[in-house]
Amino acid sequence: MYQRKNYFFLILLLFTASSTFAEALLSTETNADLTDNSRLSFFVQPGISFLGFDKREKFQTAIDSIYTDLLANAVTKAETLAVAKQDFQKVNFTFPIAAGVQFQHYKNHFISTGIGFIYNKESVILTDRVNKNYNYYYALQAVPLFLEYRLTIPSNFMTLSTESLFSIAFRWYWMLPGTEIYSSWGKIEAEKSWLGDGFGLSLGYLIASWKSIRIYGDLGLTSISVTSKEPFSEIVPDASIEKAKWDLGGLQLQIRFSWGALSFKES
C-alpha cells in the first residue's frame, strides 16, 4: 500500500510539473496561441502507469511456497542462512505507449482512435542452501485498441488563461491478440471481446502549441478487465480451475505529441 501511494504522488507530481511548465510557456511568443485548430492530426502518446493487477498475490504465494521448501532442505545453520528470496513488487509500474489519429469534426470536439502497447515484467531471485540461484518471473502484456471522444472545457469553467486549455476525454478499449500473461510456468492469452474490455476517463491540458504541433498532458483512470479460456494454474501453481480473469486498469499520466496534417480554414 505504501508503494502504491508513492507511485500515486509521483504521477501527480509529474502532472503538476507539466502544468507549471505550461504556465511558463504561456509567456513565450511560440505559445501565444494555445489552441488546437487541427482538423486531422496524428499523435504518439507515451505514458506512466501502475496497473491494478489484482492477481499478483498468486505469484507471491508461489514464491513463498518455494522458499519454504528451500528452507526445509537446509540441514545446517549455515545452509539455512544461505537460503534467501526476493518478493514481487506490490505495484505493477509500467510505461505504456500508443499512437493514432485524431479528427476534430466540430470546433473543440475531437474523435480519436489508436493502438497501444502495455508491458510489465516482474522478476525475483531465490537462493538455495548451496547458494544456487533460481529466477522466477511473470509478465503482463496488452495490445489495446481504443476509441476516444475529447471535449474541450469552456474557458469560463476551468482555465489558466483566456483560452480553453483543459479538456475531458472518454475512451473505450478493446484488447487485441497479444494480450496475455506469461511466466516461468507457462502462458495464457486473453479472450477477444467485440463489445470491449473497459473504459477510461481523464482530464487533459494543452501544454504547448507551436505551428502544427501540439503537446497535451493527460491524467486519468482506466478500468479494463480481461478473461482467458485457461485457468491461472497454467501460469502459476494454483488449485483453481476457473477461467482466469485479471485487471489491466489503473491510474496513468499520458503525454500526447500531435501533428496537424489538416487545419480549419481561416474565416
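None of these values were measured; they are calculated from a predicted model. (Residues numbered from 1 in each chain as written. Predicted model: local features only at pLDDT ≥ 70, side-chain atom pairs only at ≥ 80, totals over all residues. Heavy atoms only, no water.)

**Observations concerning the overall build of the protein**
Looking only at helices and strands, one finds 3 helices and 14 strands in the protein. Looking at the protein residue by residue over its 267 residues, the buried ones come to 43%. Sequence-distant contacts in the protein: of pairs separated by 6 or more residues, those separated by 24 or more amount to 73%. (Helix = DSSP H or I, 4+ residues; strand = E, 2+ residues; numbered from the N terminus. Buried < 20%, exposed > 50% of the residue type's maximum accessible area, 1.4 Å probe, protein only. Contact = heavy atoms within 4.5 Å.)

**Examining the layout of surface pockets**
In this structure, the largest pocket encloses a volume near 210 Å³. As for the largest pocket, its lining consists of Met-175, Leu-176, Pro-177, Gly-178, Thr-179, Glu-189, Ala-190, Glu-191, Lys-192, Ser-228, Lys-229 and Glu-230. Classifying every residue of the lining of the largest pocket by side-chain character gives 4 nonpolar, 3 polar and 5 charged. (1 Å grid on protein atoms, 1.4 Å probe; cavity = no way out; pocket = protein on both sides within 12 Å on 5 of 7 lines; lining within 4 Å. Points joined across faces, edges and corners; volume = space filled by probe spheres on them. Nonpolar A, V, L, I, M, F, W, Y, C, P; charged D, E, K, R; others polar.)

**Some thoughts on the pattern of salt bridges**
Oppositely charged side chains may form a pair once their charged atoms are brought near each other. Within the structure shown, the criterion is met by 12 salt bridges. Notably, a salt bridge pairs Lys-58 with Asp-238, separated by 3.1 Å at the nearest N-O pair. Linking Lys-58 in helix H2 (residues 56–73) with Asp-238 in the loop between strand S12 (213–227) and strand S13 (245–247), this pair joins segments that are 180 residues apart in sequence. The class for Lys-58 is buried, based on a relative accessible area of 19%. With a closest N to O distance of 2.6 Å, Arg-171 and Glu-148 form a salt bridge. On the criterion of sequence distance, the pair formed by Arg-171 in strand S8 (residues 166–175) and Glu-148 in strand S7 (residues 144–152) is long-range, its members being 23 residues apart. The pair Arg-171 / Glu-148 is uniform in exposure class, with both members buried. Put simply, Glu-148, Arg-150, Arg-171, Asp-218 and Arg-256 are held in one network by salt bridges that share partners. (Salt bridge = Lys/Arg side-chain N within 4 Å of Asp/Glu carboxyl O.)

**Concerning the nonpolar core**
Within the largest apolar cluster, 33 residues are counted, with the highest numbers of intra-cluster contacts made by Phe-59, Ile-181, Trp-246 and Leu-248. The contacts of Phe-59, once residues within four sequence positions are left out, are Phe-53, Phe-88, Tyr-138, Ile-181, Ser-183, Trp-185, Ile-235 and Val-236. (Core = buried A, V, L, I, M, F, W, Y, C linked by side-chain atoms within 4.5 Å.)

**Remarks on empty space enclosed by the protein**
The gaps of empty space that remain are located by a probe, the size of a water molecule, rolled over the atoms. Inspection of every chain in the model, using the stated rule, returns 1 cavity of 30 Å³ or more. Estimates place the volume of the largest cavity at around 210 Å³. Lining the largest cavity are 21 residues; nearest its centre among them are Pro-96, Ile-118, Tyr-173, Gln-252 and Gln-254. At the level of secondary structure, the elements contributing two or more residues to the lining of the largest cavity comprise strand S1 (38–51), strand S4 (97–106), strand S5 (109–127), S7, S8, S12 and strand S14 (250–263). Ranked by residues supplied to the lining of the largest cavity, first place goes to S1 with 5 residues. Broken down by class, the residue content of the lining of the largest cavity amounts to 13 nonpolar, 7 polar and 1 charged.

**With respect to unusual backbone geometry**
Its identity as a non-glycine residue notwithstanding, Asn-131 has a phi of 65 degrees, on the positive side. With respect to the secondary-structure elements, Asn-131 resides in the loop between S5 and strand S6 (133–142). Judged by its relative accessible area of 56%, Asn-131 is exposed. In the Ramachandran plot, Lys-211 falls in the positive-phi region, its phi being about 55 degrees despite a non-glycine side chain. Tracing the sequence through the fold places Lys-211 in the loop between strand S11 (198–210) and S12.

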